[in-house]
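Examining the three-dimensional arrangement
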There are 2 protein chains.
Amino acid sequence: MSMADTGEPDIAAQLEAASTAQERFQIMYSVLRDRISMLVYPPGTQLSEEVLAGEFGISRSPLRKALQILEADGLLLSQQGIGTLVTDVDLNELAQVYQLRMEMNELTGRLSPADVDFRLAALFDTMRQRAEDLRVAPERQAFARLNIDFFHAFQQLTDNQPLRDVSEKLFYQTCRIWLTLIPSTNLSREVEIFCQEIFAITDAVAIGDIEAAAHIRRAHLSMGLKRLTSMKDAKDAPV
Amino acid sequence: MSMADTGEPDIAAQLEAASTAQERFQIMYSVLRDRISMLVYPPGTQLSEEVLAGEFGISRSPLRKALQILEADGLLLSQQGIGTLVTDVDLNELAQVYQLRMEMNELTGRLSPADVDFRLAALFDTMRQRAEDLRVAPERQAFARLNIDFFHAFQQLTDNQPLRDVSEKLFYQTCRIWLTLIPSTNLSREVEIFCQEIFAITDAVAIGDIEAAAHIRRAHLSMGLKRLTSMKDAKDAPV
DNA sequence: TCGTGATTACTTGTATACAAATATTTTGTT
DNA sequence: AACAAAATATTTGTATACAAGTAATCACGA
């Protein structure tokens with residue numbers, strides 16, 4: 001599925017193995033979005049179409065489709081003569097996206113809540129396990145990876161597909177802010193808070209109370225925004 | 001020459017006048033989305049890249065970007081060897097989108113409500129005027145056009161940009177359903193209902209009560225969904 | 001007449017050459 | 001040395017030829 005964190009073995013081979021154009025697009029899109037979100041390409045990075053096409057073993061044409069969709073998602077900005085740059089997340093946009101996500105997460109509990117079957121419960125159990133592992137050995141990459149994977153798990157708590165699509169777009173618009181703002185000194189604290197969130201939500205899911213899970217998620221989004229703004233202020237403050 | 005019956009004077013000239021690629025994309029995207037929404041291209045219509053590029057006076061490359069974004073929006077579906085087809089709106093998707101829009105419209109009143117200045121009040125006044133004109137002479141095209149324009153006016157009631165973007169995507173995913181389902185016999189009734197909605201919302205906006213406007217909108221979305229499902233049932237019923 | 005296989009036509013997907021826009025470097029002049 | 005203008009390099013944008021996939025047609029035989 002997602003994987004492709006550091007390993008990401010030979011994308012070119014995966015692309016060649018894919019039979020349809022849609023599959024190839026999906027691979028390129030996922031890989032690039034993941035690299036942007038995991039800060040393999042930090043904000044401001046210039047992505048050369050020619051270089052990327054070379055790495056993927058294809059021409060610029062099919063690659064450009066992936067880049068154009070990512071641009072529509074707000075993750076890239078292409079300009080003729082300048083280049084394709086990874087966008088930055090500014091504080092204003094961050095606050096607006098977070099406010100919207102807070103409200104929409106509540107909808108997860110109200111609109112078409114999924115029934116918690118064995119598979120879903122098992123998924124959240126692995127999340128809990130990964131959180132515990134991370135707490136023992138806090139690490140930036142693993143933290144970011146768990147953040148992304150837990151989001152996708154949470155998504156499965158609703159059967160409303162448009163809600164899923166919209167939530168995903170909003171999530172990826174800002175999720176890299178954590179990696180960009182967390183200094184190594186704060187990592188442990190953030191991991192601890194995130195673990196508490198995962199534990200609480202997993203407990204709620206275990207007893208089938210999706211609405212409770214949604215409210216917990218909302219509360220943590222709210223507090224997360226507050227911490228992010230304070231981090232941002234601390235970073236922007238003069239030395 | 002071109003079959004663009006609804007105003008839309010020579011797109012090719014507009015494209016040539018545009019100075020940047022982004023402007024050209026915006027023109028093509030808007031024109032195509034509008035044609036799909038106004039049923040110039042009804043669901044199932046096959047859009048030939050070559051023909052469209054010819055009409056727009058450009059090559060397939062820049063046109064394809066617009067088509068690809070519209071495909072990501074869910075309005076088109078492209079398949080190699082088959083063609084690019086306008087998607088249909090099925091009842092399931094319709095219900096999910098409407099449920100989500102109902103909830104999100106409430107957010108319009110809570111998240112960053114815009115302050116109603118003179119310009120905004122004037123805009124809603126023109127909407128009221130157009131509604132009154134439409135009531136006198138109900139017409140399918142004018143109804144659909146007002147539906148789209150009123151949506152954009154309503155959008156301006158919030159300053160939360162992500163909320164605007166998401167709402168717009170959702171709106172265009174289903175708005176053509178009205179034109180596809182309304183038989184000429186029901187047009188007058190729908191126009192009447194729509195006028196009542198516009199009048200009520202305009203009154204609320206006039207006194208600066210955006211939250212009230214949002215609740216009215218939500219109520220009409222809810223009732224609209226009910227009517228749409230009943231229309232759909234009536235249409236699908238055997239003769 | 002029916003069925004079946006090959007052929008043909010038509011569609012989007014991909015590769016590539018070139019155009020246009022921007023940034024950088026060089027070069028010439030004062 | 002400083003400045004300006006031109007040449008150059010680098011990037012995305014566009015046009016176009018061809019490949020790959022699909023559907024319809026035709027030919028041919030039983």
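Residues numbered from 1 in each chain as written. Chains lettered and ligands numbered in written order. Predicted model: local features only at pLDDT ≥ 70, side-chain atom pairs only at ≥ 80, totals over all residues. Heavy atoms only, no water.

1. Structural notes on the relation of the copies chain A and chain B
- Expressed as a screw transformation, the operator carrying chain A onto chain B has a rotation angle of 180 degrees and an axial translation of 0.0 Å, and the superposed copies differ by an RMSD of 0.0 Å. Both chain copies can therefore be described as sitting about a two-fold axis.
- Most of the interface of chain A is mirrored in chain B, where 100% of its interface residues are also at the interface. (Least-squares fit on C-alpha atoms with pLDDT ≥ 70 in both. Contact = heavy atoms within 4.5 Å.)

2. Some thoughts on the domain arrangement of chain A
All names here are of chain A.
- Domains assigned within chain A are domain 1 (11-86) and domain 2 (91-236).
- Computed from C-alpha atoms alone, the centre-to-centre distance between domain 1 and domain 2 is 26 Å.
- On the side of domain 2, 13 residues touch domain 1, which itself brings 12 residues to the contact.
- Taken as a group, Arg-33, Ser-37 and Met-38 account for 48% of the area that domain 1 buries against domain 2, more than any other trio of residues on that side.
- On inspection of domain 1 and its partner domain 2, the count reaches 3 salt bridges. (Domains from an automatic or database assignment. Buried area = accessible area lost by both parts, 1.4 Å probe. Salt bridge = Lys/Arg side-chain N within 4 Å of Asp/Glu carboxyl O.)

3. Some remarks on the protein's contact with DNA strand D
- The full set close to DNA strand D counts 21 residues, and Leu-47 and Arg-64 of chain A together with Arg-24, Ser-59 and Ser-61 of chain B are the nearest of them.
- Expressed as a percentage, the sugar and phosphate content of the atoms of DNA strand D within 4 Å of the protein is 59%.
- Within the contact set of DNA strand D, a phosphate oxygen lies 2.9 Å away from a backbone nitrogen or oxygen of Leu-47 of chain A.
- Within the contact set of DNA strand D, a base nitrogen lies 3.4 Å away from a backbone nitrogen or oxygen of Gly-81 of chain B.
- Taken together, the elements giving at least two residues each to the surface near DNA strand D come down to strand E1 (46-47), helix H4 (60-72) and strand E3 (83-86) of chain A together with helix H2 (21-37) and helix H4 (60-72) of chain B. (Near = heavy atom within 4 Å. Polar contact = N/O pair within 3.5 Å; in protein donor to acceptor, adjacent residues only side chain to side chain. Helix = DSSP H or I, 4+ residues; strand = E, 2+ residues; numbered from the N terminus.)

4. Thoughts on the protein's contact with DNA strand C
- In the region of DNA strand C, 20 residues are neighbours, and Arg-24, Ser-59 and Ser-61 of chain A together with Leu-47 and Arg-64 of chain B sit closest.
- Of all atoms in DNA strand C that approach within 4 Å of the protein, 60% are sugar or phosphate atoms.
- Arg-64 of chain B places a side-chain nitrogen or oxygen 2.8 Å from a phosphate oxygen of DNA strand C.
- At the level of secondary structure, the elements contributing two or more residues to the surface near DNA strand C comprise helix H2 (21-37) and H4 of chain A together with strand E1 (46-47), H4 and strand E3 (83-86) of chain B.
- By residue class, the composition of the surface near DNA strand C is 6 nonpolar, 10 polar and 4 charged. (Nonpolar A, V, L, I, M, F, W, Y, C, P; charged D, E, K, R; others polar.)

5. Considerations on the pattern of salt bridges
- Inspection of every chain in the model, using the stated rule, returns 34 salt bridges over all chains.
- Between Arg-33 of chain A and Glu-168 of chain A there is a salt bridge; the shortest N-O distance is 2.8 Å. Of this pair, Arg-33 of chain A sits in helix H2 while Glu-168 of chain A sits in helix H8 (residues 161-174), placing them 135 residues apart in sequence.
- Take Arg-33 of chain A: its relative accessible area is 11%, and that puts it in the buried class.
- On the basis of relative accessible area, Glu-168 of chain A is assigned to the partly exposed category, the value being 25%.
- Linking Arg-135 of chain B and Glu-192 of chain B is a salt bridge whose minimum nitrogen-to-oxygen distance equals 3.1 Å. (Buried < 20%, exposed > 50% of the residue type's maximum accessible area, 1.4 Å probe, protein only.)

6. Structural notes on the pairing of strand E2 (residues 76-79) of chain A
All names here are of chain A.
- Both E2 and E3 contribute to a ladder of 4 bridges, which runs antiparallel. When the sheet's bridge partners are listed, Gln-79 is paired in E3 with Gly-83.
- What sits between E2 and E3 in their antiparallel hairpin is a turn of 3 residues, with Gly-81 showing a positive phi close to 85 degrees. (Pairing = 2+ DSSP bridges.)

7. Some words on the environment of Glu-211 of chain B
All names here are of chain B.
- Summarising the element assignment, Glu-211 is placed in helix H11 (residues 210-236).
- With relative accessibility at 39%, the residue Glu-211 sits in the partly exposed group.
- Sequence-distant contacts of Glu-211, that is, excluding residues within four places in its chain, are made with Gly-109 and Arg-110.

8. Some details on the packing of helix H5 (residues 91-110) of chain A against helix H8 (residues 161-174) of chain B
- Direction vectors running N to C along H5 of chain A and H8 of chain B enclose 55 degrees, while the axes themselves pass 8 Å from each other. The pairing of H5 of chain A with H8 of chain B is recorded here as oblique in orientation. Here Gln-96, Val-97 and Leu-100 of chain A of H5 of chain A come into contact with H8 of chain B, specifically with Gln-161, Pro-162 and Leu-163 of chain B.
- Of the residues in the contact of H5 of chain A with H8 of chain B, the class split is 4 nonpolar, 2 polar and no charged. (Axes fitted to C-alpha atoms, helices over the stretch in contact; angles between N-to-C directions. Parallel < 35°, antiparallel > 145°, perpendicular 65-115°, else oblique.)

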